[in-house]
Amino acid sequence: DVYKRQPLPDQWLLLPTVALTKRRYSWLLTLIVVVSGLMVAQWWWDSHWLFPLVLACWCLTGLIFLASWFCLPLDIRHTRFLLRTQDFLLQSGVLWRRAALIPLHRVQHVTISQGPLQKRFGLATLKVYTAGGLDAEAALADIEYRVAQALSEQLSQLIPVSYTHLRAHETPEH
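A. Local environment of the overall build of the protein chain. Looking only at helices and strands, one finds four helices and seven strands in the protein chain. Starting at the N terminus and ending at the C terminus, the protein chain contains elements arranged as β-α-α-β-β-β-β-α-β-β-α. Burial statistics for the protein chain: of 174 residues in total, 29% are counted as buried. Accessible surface, the protein chain as shown: approximately 12200 Å² in total, 63% of it carbon and sulfur.

B. Representation of the pairing of strand E3 (residues 87-92) within the structure. Here strand E2 (residues 80-83) runs beside E3; their pairing, made up of four bridges, is antiparallel. Bridge pairing in E3 links Arg-80 to Gln-91. Between E2 and E3, which follow one another and run antiparallel, lie three residues. As judged from the six bridges shared by E3 and strand E4 (residues 98-103), these two strands associate in the antiparallel manner. Of the residues in E4, the one forming a bridge with Asp-87 is Pro-103. The antiparallel pairing of E3 with E4 creates a hairpin that spans five residues between the two strands, and Gly-93 there sits at a positive phi of about 105°.

C. Quick peek at the layout of surface pockets. There is about 230 Å³ of room inside the largest pocket. Taken together, 14 residues make up the lining of the largest pocket; nearest its centre are Thr-79, Leu-90, Ser-92, Ala-139 and Leu-140. Counting residues per element, the ones that place at least two in the lining of the largest pocket are E3, E4 and strand E7 (137-144). Residue contributions to the lining of the largest pocket peak at five residues, all from E7. Tallied by class, residues from the lining of the largest pocket come to seven nonpolar, three polar and four charged.

D. Layout of the pattern of salt bridges. Enumeration over the complete set of coordinates arrives at six salt bridges. Among the salt bridges present, the one from Glu-137 reaches Lys-127, with a minimum N-O distance of 3.6 Å. One end of the pair, Glu-137, is in strand E7; the other, Lys-127, is in strand E6 (residues 123-130), and 10 residues separate them in sequence.

E. Focus on the packing of helix H1 (residues 18-44) against helix H2 (residues 51-77). Relative to each other, H1 and H2 sit at 175°, their axes nearing to 10 Å. Relative to H2, H1 is oriented roughly antiparallel. The segment H1 lies against H2, with Ala-19, Leu-20, Arg-23, Arg-24, Trp-27, Leu-28, Leu-31, Val-34, Val-35, Leu-38, Met-39 and Gln-42 engaging Val-54, Cys-57, Trp-58, Thr-61, Ile-64, Phe-65, Ser-68, Trp-69, Leu-72, Pro-73, Asp-75 and Ile-76.

F. Layout of the sheet that holds strand E5 (residues 107-113). Read across the open sheet, the three strands follow the order E5-E6-E7; overall the sheet is antiparallel. Looking at strand neighbours, the two that pair on one side only are E5 and E7, the edges of this open sheet. For this sheet, the mean inter-axis angle between neighbouring strands, taken without regard to orientation, is 15°. Here E6 pairs with E7 via six bridges, running antiparallel. Counterpart to Leu-126 in the pairing with E7 is Leu-140. With respect to the sheet, H1 is in contact with E6 and E7, its orientation differing from that of E7 by roughly 105°.

G. View of the pairing of E2. Pairing of strand E1 (residues 13-14) with E2, which is carried by two bridges, proceeds in the antiparallel orientation. By the bridge assignment for E2, Leu-13 is matched with Phe-81.

H. Geometry of a nonpolar patch on the surface. A contiguous nonpolar patch, built from Val-40, Trp-43, Trp-44 and Trp-45 and spanning about 580 Å² of accessible area, is present on the exposed surface. As for its position among the elements, Trp-45 is in the loop between H1 and H2. Overall, the relative accessible area of 51% leaves Trp-45 in the exposed class.

Reading the values: the criteria
Residues numbered from 1 in each chain as written. Predicted model: local features only at pLDDT ≥ 70, side-chain atom pairs only at ≥ 80, totals over all residues. Heavy atoms only, no water. Helix = DSSP H or I, 4+ residues; strand = E, 2+ residues; numbered from the N terminus. Buried < 20%, exposed > 50% of the residue type's maximum accessible area, 1.4 Å probe, protein only. Areas by Shrake-Rupley, 256 points an atom, 1.4 Å probe, with all protein chains shown as cover. Pairing = 2+ DSSP bridges. 1 Å grid on protein atoms, 1.4 Å probe; cavity = no way out; pocket = protein on both sides within 12 Å on 5 of 7 lines; lining within 4 Å. Points joined across faces, edges and corners; volume = space filled by probe spheres on them. Nonpolar A, V, L, I, M, F, W, Y, C, P; charged D, E, K, R; others polar. Salt bridge = Lys/Arg side-chain N within 4 Å of Asp/Glu carboxyl O. Axes fitted to C-alpha atoms, helices over the stretch in contact; angles between N-to-C directions. Parallel < 35°, antiparallel > 145°, perpendicular 65-115°, else oblique. Contact = heavy atoms within 4.5 Å. Patch = residues over 30% accessible without salt bridge, like charges linked within 9 Å, V, L, I, M, F, W, Y side chains within 5 Å.

As structure tokens, then:
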């Protein structure tokens, strides 16, 4: 029975390619804000002794931006998820791998949210809230909106079944 529930590699769902574009836009907007702040600081404190500090900030900002720009495709490729009849699995991370197995009988509710960039690209964030524990919430960002809706509906249909199944095995207290 355990082997029947094991996922096959082709059953995993991956993030859409448009998620990369959305995340790059997000990084680009962040870079614009940081560079604007550096330009204002440079203009405000027009002092020669601050030049090495401002130059170091510019270089550091550029390096962080380039590193993240090229690491984003790896992050997108290494994020995957799978809904099975008993649980919901999430995996992500390139250097630091994170895996979450959420038993459906622990799920309390599911939410879907969209930020402005996600809405522009037809993406959403699916959050699964569970009962108790340290990680009582799991988020899956930048999945297709229609996939998020379908997963939310499927989870909603499977949660009561799991909960009812558990309640049937409890003994009534007298």
